Number of protein chains: 2
Amino acid sequence: MRRDIFQAIADPTRRAIIGLIAIQAMTPNAIAEHFETSRQAISKHLRILSECELIQQEQKGREIFYQLELNKLKEIDQWLAQFKAIWENRFNELDTILANLKNKTDENESTI
Amino acid sequence: MRRDIFQAIADPTRRAIIGLIAIQAMTPNAIAEHFETSRQAISKHLRILSECELIQQEQKGREIFYQLELNKLKEIDQWLAQFKAIWENRFNELDTILANLKNKTDENESTI
DNA sequence: TAAATTTGCAACTAATTGGTTTCTTAATTT
DNA sequence: AAATTAAGAAACCAATTAGTTGCAAATTTA
């Protein structure tokens, strides 16, 4: 029951919900209309997303509008950042290798 | 049994494995030494990561070195990109609002 | 060649997950 | 006031998951 954002986005339905309410807030019923499953199943997904603070809710009369909490998604981006640092670094290394190769080629050319 | 990258990174142990082998390839035994669980449990995690093509293996004698496939991690980054577009857009909107506010302030100042 | 090491695979188990059904509460309509 | 609508809560179920134990195959080492 103690879930984190990574478990929250592991489910494809939950990722679809996130995509759906990214632009504008929606009610559970409106969201459920976009899926094959029942409203209750969607409600459970919304509860999980709420527990992880990936979504926020605003009550309007008897309706509840759920909205994406974009800042929370940044936590995934932050986890990715450490690897991004590596892959960009590898790219730089490749740059260095290519630069070295070019220098050697130039040297050879100059001795011809 | 049909898992995708999002399910692969949902497990904290698997995320730790990913972090561990990000810099250099490691054998299952070496990886397992960093965790409380058994080697077999780690092996199962490695199989899941393999199935999702998040890691690659290279056999050296009786040892198998597992290495992170950085490019696969980019798929998560690509999924995040759509939301990044939104939050950067919101930031720009805020910029516009602030710019407008400033202009109005300037106008007021000029009329004083 | 025999013993030890490294690893993967299969069977089993307890816990968790996603889903359904039923029920209750609260806010609108009619 | 009665019926309808929106939504959360609880109980239940089938499928999946993470982990364990035991075993077999392949490579080293003694």
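Located above this text is the structure these notes cover.
Residues numbered from 1 in each chain as written. Chains lettered and ligands numbered in written order. Predicted model: local features only at pLDDT ≥ 70, side-chain atom pairs only at ≥ 80, totals over all residues. Heavy atoms only, no water.

Q: Any chance you could break down the relation of the copies chain B and chain A for me, citing the residues and the numbers?
A: Note on the identical chains: chain B maps onto chain A by a rotation of 180° and an axial translation of 0.0 Å, with an RMSD of 0.1 Å. The transformation relating the two chain copies, once decomposed into turn and shift, fits a two-fold axis. Taking C-alpha positions as reference, the residue of chain B nearest the rotation axis is Ala10 of chain B, located at 3.0 Å. A shared interface surface links the copies, since 100% of the contact residues of chain B are contact residues in chain A too. (Least-squares fit on C-alpha atoms with pLDDT ≥ 70 in both. Contact = heavy atoms within 4.5 Å.)

Q: Can you break down the side chain of Arg14 of chain A residue by residue, with the values?
A: All names here are of chain A. With respect to the element layout, Arg14 can be found in helix α2 (residues 12-20). Within the buried set, Arg14 has no salt-bridge partner at all; the shortest N-O distance to an opposite charge, 4.7 Å, is to Asp11. If near-sequence neighbours (up to four positions away) are discounted, Arg14 is found in contact with Gln7, Ala8, His45, Ile48 and Leu49. (Helix = DSSP H or I, 4+ residues; strand = E, 2+ residues; numbered from the N terminus. Buried < 20%, exposed > 50% of the residue type's maximum accessible area, 1.4 Å probe, protein only. Lys, Arg positive; Asp, Glu negative; His and termini not counted. Salt bridge = Lys/Arg side-chain N within 4 Å of Asp/Glu carboxyl O.)

Q: Give a description of the protein's contact with DNA strand C that names residues and reports values.
A: DNA strand C sits among 25 residues. The nearest are Lys44, His45 and Gly61 of chain A together with Asn29 and Tyr66 of chain B. In DNA strand C, atoms within 4 Å of the protein come 64% from sugar and phosphate. Measuring from a base oxygen of DNA strand C, one finds a side-chain N or O atom of Arg39 of chain B at 3.2 Å. Here a base oxygen of DNA strand C and a side-chain polar atom of Arg62 of chain B are 2.7 Å apart. Listed by contribution, the elements that provide at least two residues to the surface near DNA strand C are α4 (39-51) of chain A together with α3 (28-32), α4 (39-51) and β2 (63-68) of chain B. Broken down by element, the surface near DNA strand C gets its largest block of residues, five residues, from α4 of chain A. Within the surface near DNA strand C, the residues separate by chemical class into six nonpolar, ten polar and nine charged. (Near = heavy atom within 4 Å. Polar contact = N/O pair within 3.5 Å; in protein donor to acceptor, adjacent residues only side chain to side chain. Nonpolar A, V, L, I, M, F, W, Y, C, P; charged D, E, K, R; others polar.)

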